[in-house]
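# Observations on chain architecture
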Amino acid sequence: MVKNSFCMNFLSRSANEGFSRAVVSAFASQLDPTLEEINDIKTAVSEAVTNCIVHAYGDDGGKIYISAELYEDNTIKIKIRDKGKGIENVSQAMEPLFTTVGGERAGLGFAVMMSFMDSVKVRSTIGKGTSITMIKKLRHRFSVNG
Amino acid sequence: MAVKINVTGEVVTAYLTGELDHHTAKEMREAVDNAVELNMPSLLVLDFSGISFMDSSGIGLVMGRYRNLQKTGAALHISGASPTIYKVLKLAGIEKLAKLEGDKQNG
């Protein structure tokens, strides 16, 4: 059962990478996470949002949509979506060290997401965009009020 | 300034501060690269003790500096990596490219 949820959208600007992970981690703090758990969530969100900015939109820009839900069993589900160019081959994109931009990008964004979250699902349609749904169950019980 | 540079003999130490992500990495790597180009060190130390957050952009920064240093034969060390930072770095096997000083990763 969903105990709390939020959604937001913001422009595809690199300055919003820090903003978006701060918002999600503040929301997740209702689950009384450990420092390691909150860092895992922040890092995974940062990777997903950076993918939207660098790969989905590039110089074109657009909006990034984030929604998150907290569940009674101490699980958080985070969905990060763009309406950018889409991923041609999702399996290939999720392979460690694969990158289409080269340079200083390590190609480890999905590897970080999969390592730091319990579940990562990617749906993408060329020309329509990509959505990443990540789930993590936190160790500590909590109480979400309101 | 997100990077403070210290030069001692042939050692350049870059003290990185703040959050290291795709947004901030460009400024950091330019500061480090300028210091390396100017001083031609035999050892570059990237100090992460002032980094409060890092995603895979930090891996890119380390790997990029490692590639650049290979051209001159200089070594690369990493210091001050907290367990959180180390958790990200080890995903790329960074310890095979750079010596980890201080060994905070288990602390």
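Figured I'd write up the structure that's included with this text.

How each quantity is defined
Residues numbered from 1 in each chain as written. Chains lettered and ligands numbered in written order. Predicted model: local features only at pLDDT ≥ 70, side-chain atom pairs only at ≥ 80, totals over all residues. Heavy atoms only, no water. Helix = DSSP H or I, 4+ residues; strand = E, 2+ residues; numbered from the N terminus. Rg over C-alpha atoms; globule rule 2.2 N^0.38 Å. Buried < 20%, exposed > 50% of the residue type's maximum accessible area, 1.4 Å probe, protein only. Contact = heavy atoms within 4.5 Å. Areas by Shrake-Rupley, 256 points an atom, 1.4 Å probe, with all protein chains shown as cover. Axes fitted to C-alpha atoms, helices over the stretch in contact; angles between N-to-C directions. Left-handed = near helix turned anticlockwise from the far one by under 90°. Pairing = 2+ DSSP bridges. Phe/Tyr/Trp six-rings, centres within 6.5 Å; stacked < 30°, edge-to-face > 60°. Lys NZ or Arg CZ within 6 Å of the ring centre and 35° of its normal. Buried area = accessible area lost by both parts, 1.4 Å probe. Salt bridge = Lys/Arg side-chain N within 4 Å of Asp/Glu carboxyl O. Polar contact = N/O pair within 3.5 Å; in protein donor to acceptor, adjacent residues only side chain to side chain. Core = buried A, V, L, I, M, F, W, Y, C linked by side-chain atoms within 4.5 Å. Patch = residues over 30% accessible without salt bridge, like charges linked within 9 Å, V, L, I, M, F, W, Y side chains within 5 Å. Lys, Arg positive; Asp, Glu negative; His and termini not counted. Charge placed at Lys NZ, Arg CZ, Asp CG, Glu CD.

### Observations regarding the overall build of chain B
- Looking only at helices and strands, chain B features 3 helices and 5 strands.
- Each helix and strand of chain B, placed in order from N terminus to C terminus, yields the pattern β-β-α-β-α-β-α-β.
- Relative to a compact globule of 107 residues, whose C-alpha radius of gyration would be 13 Å, chain B shows 12 Å and is just as compact.
- Taking the principal axes of its C-alpha atoms as reference, chain B extends roughly 30 × 25 × 20 Å.
- In chain B, buried positions account for 50% of the 107 residues.
- Long-range contacts, defined here as pairs at least 24 residues apart, represent 65% of the contacts in chain B between residues at least 6 apart.
- Carbon and sulfur atoms make up 50% of the accessible area of chain B, which amounts to about 5,100 Å² in all.

### A short note on the packing of helix α1 (residues 16-28) of chain A against helix α2 (residues 35-57) of chain A
Residues and elements named next belong to chain A.
- Contact geometry of α1 with α2 gives a least axis separation of 9 Å together with a crossing angle of 145 degrees. Every pair of crossing elements has a handedness; the one defined by α1 and α2 is right-handed. Residues Glu-17, Ser-20, Arg-21, Val-24, Ser-25 and Ala-28 of α1 form the contact with α2, whose participating residues are Ile-38, Ile-41, Lys-42, Val-45, Ser-46, Val-49, Thr-50 and Ile-53.

### Re the side chain of Ser-12 of chain A
Residues and elements named next belong to chain A.
- For Ser-12, the location among the structural elements is in the loop between β1 (2-11) and α1.
- Take Ser-12: its relative accessible area is 10%, and that puts it in the buried class.
- Apart from the residues lying within four places of it in its own chain, the contact partners of Ser-12 are Cys-52, Ile-53, Tyr-57, Gly-61, Gly-62 and Ile-64.

### Some words on the pairing of strand β4 (residues 119-125) of chain A
- Taken together, the 7 bridges between β4 of chain A and strand β5 (residues 129-137) of chain A define a ladder with antiparallel strand orientation. Bridging from a neighbouring strand, Ser-124 of chain A pairs with Thr-130 of chain A of β5 of chain A.

### With respect to the packing of aromatic side chains
- Applying the stated criterion to the full structure yields 2 aromatic pairs over all chains.
- For Arg-81 of chain A, the ring lying beneath its charged end belongs to Tyr-65 of chain A, and the centroid distance is 4.6 Å.
- Here the basic side chain of Lys-87 of chain B rests over the ring of Phe-116 of chain A, its NZ or CZ set 4.7 Å away from the ring centre.

### Focus: the interface of chain B and chain A
- Opposite the 22 residues of chain B that make contact, chain A presents 25 residues.
- Summing the contributions of chain B and of chain A, the shared interface buries around 1,800 Å²; its carbon and sulfur component is 53%.
- Between chain B and chain A we count 4 salt bridges in total.
- A salt bridge links Glu-19 of chain B to Arg-21 of chain A; the nearest nitrogen and oxygen atoms lie 2.7 Å apart.
- Inspection of the chain B/chain A interface yields 10 residue pairs in polar contact (both at pLDDT 80 or more).
- No other element matches helix α2 (residues 56-70) of chain B, which puts 9 residues into the side of chain B that touches chain A.

### Focus on the nonpolar core
- Membership of the largest hydrophobic core comes to 37 residues, with the highest contact counts inside it found for Leu-16, Leu-46, Phe-48 and Ile-78 of chain B.
- Only α4 (109-116) of chain A together with β2 (11-20), α1 (22-39), β3 (43-54), α2, β4 (75-79) and α3 (83-89) of chain B provide two or more residues apiece to this core.
- Residue contributions to this core peak at 6 residues, all from α1 of chain B.
- Leu-46 of chain B has contacts with Ala-14, Val-32, Leu-61, Val-62, Arg-65, Leu-76, His-77, Ile-78 and Ser-79 of chain B, leaving out every residue within four places of it along the chain.
- In this structure, Leu-31, Val-45, Ala-93 and Val-122 of chain A belong to the second largest nonpolar core, which totals 34 residues.

### Describing the environment of Ile-41 of chain A
Residues and elements named next belong to chain A.
- Mapped onto the elements, Ile-41 comes out in helix α2.
- Taking the relative accessible area as the measure of exposure, Ile-41 reaches 0% and is therefore buried.
- Separated by 36 residues in the primary sequence, Ile-41 and Lys-77 have C-alpha atoms spaced 10 Å apart.
- Residue contacts for Ile-41: discarding those within four places in its chain leaves Val-24, Ala-28, Ile-76, Ile-78, Met-117, Lys-136 and Leu-138.

### Some points on a positive patch on the surface
- On the surface, Lys-63, Lys-79, Arg-81, Lys-83 and Arg-123 of chain A cluster together into a positively charged patch.
- A relative accessible area of 31% places Arg-81 of chain A in the partly exposed class.

### Thoughts on the sheet that holds β3 of chain B
All names here are of chain B.
- Within the open sheet, the 5 strands sit side by side as β1-β2-β3-β4-β5. Their pairing is mixed. The open sheet has two free edges, formed respectively by β1 (3-8) and β5 (99-100), since each of these has just one partner strand.
- Pairing analysis gives 6 bridges linking β1 to β2, with the strands arranged antiparallel. In the sheet register, Thr-8 faces β2, and the bridge partner there is Val-11.
- Lying over the sheet, α2 contacts β2, β3 and β4, oriented at roughly 175 degrees with respect to β3.

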